[in-house]
Amino acid sequence: RVAVVVVLSAVPALGWMVYGAIEQRTVAEAHAREDLQRYARLAAKQQEQALEGARQLLFALSGVVPALMRDRQACHEYFRGLMLAGHGLYHSLGVHLASGDLHCNAVTWNDGVNVSDRYYFRVAAASGKFSVGGYQTGRATVREGIDFGYPVLDADQKVEGVVFAGLDLKRFTELASATPQPPGAVVTLFDRDGVVLAQHPAVTARVGDRSSNPRLNQAVFAAKSGAFETSRSM
């Protein structure tokens, strides 16, 4: 009888120990989620700054381009000097005509380049606003990047061309690596199609790969922000 009483009296204390462990785990998980969201917001802010820099550059250039379009060689030299001053931020800078044909570029290219089917060009030409493309290999540079576009308007406010800047993906990787990370964390940047633009450290994917995890794709594009859980195989 004494032994039974001792065991029974210990049950409430054991219950509290289990409850305490669960509560601590819940608190730790909440803190981990907060940390992840904070780091994600910081990484996103850095990308926003890169995009805003491109938007301001192209907006300023859109006012200069109409004069440059009258002299193709002068246009080429102007953008070449501008890109060199950018210290490798962009792998190409130039202007496309309204038809999509490449009019001038900071780099040497072969004639016949047309981007009328590229997302960034179509959006800029149709909307009259700054546009952001997705992952692609440049047809003039044959380099991986993301192109930004801004429409060039004539005196009648019709689209005369699209000034563009091709952001080198090495720059995105640098931004990802510059983001403070908790131990064991991996920062991965995707475009709108779920293609990897950068990852630091590069452990689970390569630039240009498309995520094959449907749960990851759904979670990433289902909301503007938030935390979620999925398997490590992503």
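Residues numbered from 1 in each chain as written. Predicted model: local features only at pLDDT ≥ 70, side-chain atom pairs only at ≥ 80, totals over all residues. Heavy atoms only, no water.

### Describing the overall build of the protein chain
Point 1. Assigned secondary structure in the protein chain consists of 5 helices and 7 strands.
Point 2. Its helices and strands taken in sequence order, the protein chain reads α-α-β-β-α-β-β-β-α-β-β-α from the N to the C terminus.
Point 3. Out of the 234 residues in the protein chain, the part that is buried amounts to 32%.
Point 4. The contacts in the protein chain between residues at least 6 apart in sequence include a share of 49% that link residues at least 24 apart.
Point 5. When the accessible surface of the protein chain is totalled, it reaches about 14200 Å², and 56% of it is carbon and sulfur. (Helix = DSSP H or I, 4+ residues; strand = E, 2+ residues; numbered from the N terminus. Buried < 20%, exposed > 50% of the residue type's maximum accessible area, 1.4 Å probe, protein only. Contact = heavy atoms within 4.5 Å. Areas by Shrake-Rupley, 256 points an atom, 1.4 Å probe, with all protein chains shown as cover.)

### With respect to the environment of V107
Point 1. With respect to the secondary-structure elements, V107 resides in the loop between β2 (102-105) and α3 (119-127).
Point 2. Apart from the residues within four sequence positions on either side, V107 is in contact with H76, M83, H91 and T141.

### Here's the deal with the side chain of D168
Point 1. Tracing the backbone shows D168 in strand β5 (residues 159-168).
Point 2. Classification of D168 as buried rests on a relative accessible area of 7%.
Point 3. In this structure the side chain of D168 is engaged in a polar contact, spanning 2.4 Å, whose partner is the side chain of R143.
Point 4. With sequence-adjacent residues up to four places away left out, D168 is seen in contact with G88, L89, Y90, H91, R143 and E144. (Polar contact = N/O pair within 3.5 Å; in protein donor to acceptor, adjacent residues only side chain to side chain.)

### Points about the side chain of H103
Point 1. By secondary structure assignment, the location of H103 is in strand β2.
Point 2. Ignoring anything within four residues of it in the chain, the contact list for H103 reads L68, M69, R72, C75, V95, H96, L97 and W109.

### Concerning α3
Point 1. All of the buried residues along α3 are Y120, F121 and A124. End-on, the buried residues of α3 take up no more than an arc of 100°, which puts them together on one face. (Arc of directions from axis to C-beta.)

### With respect to the pattern of salt bridges
Point 1. Using the criterion set out here, one finds 3 salt bridges in the structure.
Point 2. In this structure, D117 engages R139 in a salt bridge whose closest nitrogen and oxygen atoms are separated by 2.8 Å. Here D117, found in the loop between β2 and α3, pairs with R139, found in the loop between β3 (131-137) and β4 (144-153); they are 22 residues apart in sequence, far enough to count as distant.
Point 3. Taking the relative accessible area as the measure of exposure, D117 reaches 46% and is therefore partly exposed.
Point 4. A salt bridge links R143 to D168, with the shortest nitrogen-to-oxygen separation between them at 2.4 Å. (Salt bridge = Lys/Arg side-chain N within 4 Å of Asp/Glu carboxyl O.)

### Quick look at the packing of aromatic side chains
The description of an aromatic ring pair rests on the distance of the ring centres and on the angle between the ring planes.
Point 1. Scanning all chains against the criterion turns up 3 aromatic pairs.
Point 2. Aromatic side chains F59 and Y150 sit 5.8 Å apart centroid to centroid with 75° between the ring planes, which places their arrangement in the edge-to-face category. On the criterion of sequence distance, the pair formed by F59 in helix α1 (residues 2-68) and Y150 in strand β4 is long-range, its members being 91 residues apart.
Point 3. Here Y150 falls in the buried class, since its relative accessible area comes to 14%.
Point 4. Plain terms: the ring middles of Y78 and F79 are 5.5 Å apart, the flat faces sit at 90° to each other, and that makes the pair edge-to-face.
Point 5. Taking relative accessible area as the criterion, F79 reaches 0% and is therefore assigned buried. (Phe/Tyr/Trp six-rings, centres within 6.5 Å; stacked < 30°, edge-to-face > 60°.)

### What about the sheet that holds β4?
Point 1. Pairing is antiparallel in the open sheet, where 5 strands are placed in the order β2-β1-β5-β4-β3. Edge positions in the sheet fall to β2 and β3, since each has one partner strand and no second. When strand polarity is set aside, the average angle formed by the axes of neighbouring strands in this sheet is 25°.
Point 2. With 7 bridges connecting them, strand β1 (residues 90-97) and β5 associate as antiparallel partners. Bridge pairing in β5 links L93 to A165.
Point 3. The sheet contacts of helix α2 (residues 72-85) involve β1, β2 and β5, and relative to β1 the element is tilted by about 155°.
Point 4. Packed onto the sheet, α3 meets β1, β3, β4 and β5 and runs at close to 160° relative to β3. (Pairing = 2+ DSSP bridges. Axes fitted to C-alpha atoms, helices over the stretch in contact; angles between N-to-C directions.)

### Quick look at the state of the cysteines
A disulfide bridge is the covalent bond that connects two cysteines by way of their sulfur atoms.
Point 1. Enumeration according to the criterion identifies 1 disulfide in this entry.
Point 2. Each disulfide pairs two cysteine sulfurs, and for C75 the partner residue is C104, the sulfurs being separated by 2.0 Å. Taken together, the positions of C75 in helix α2 and C104 in strand β2 put the pair 29 residues apart, joining distant regions of the chain. Each of the two residues, C75 as well as C104, counts as buried. (Disulfide = S-S within 2.5 Å.)

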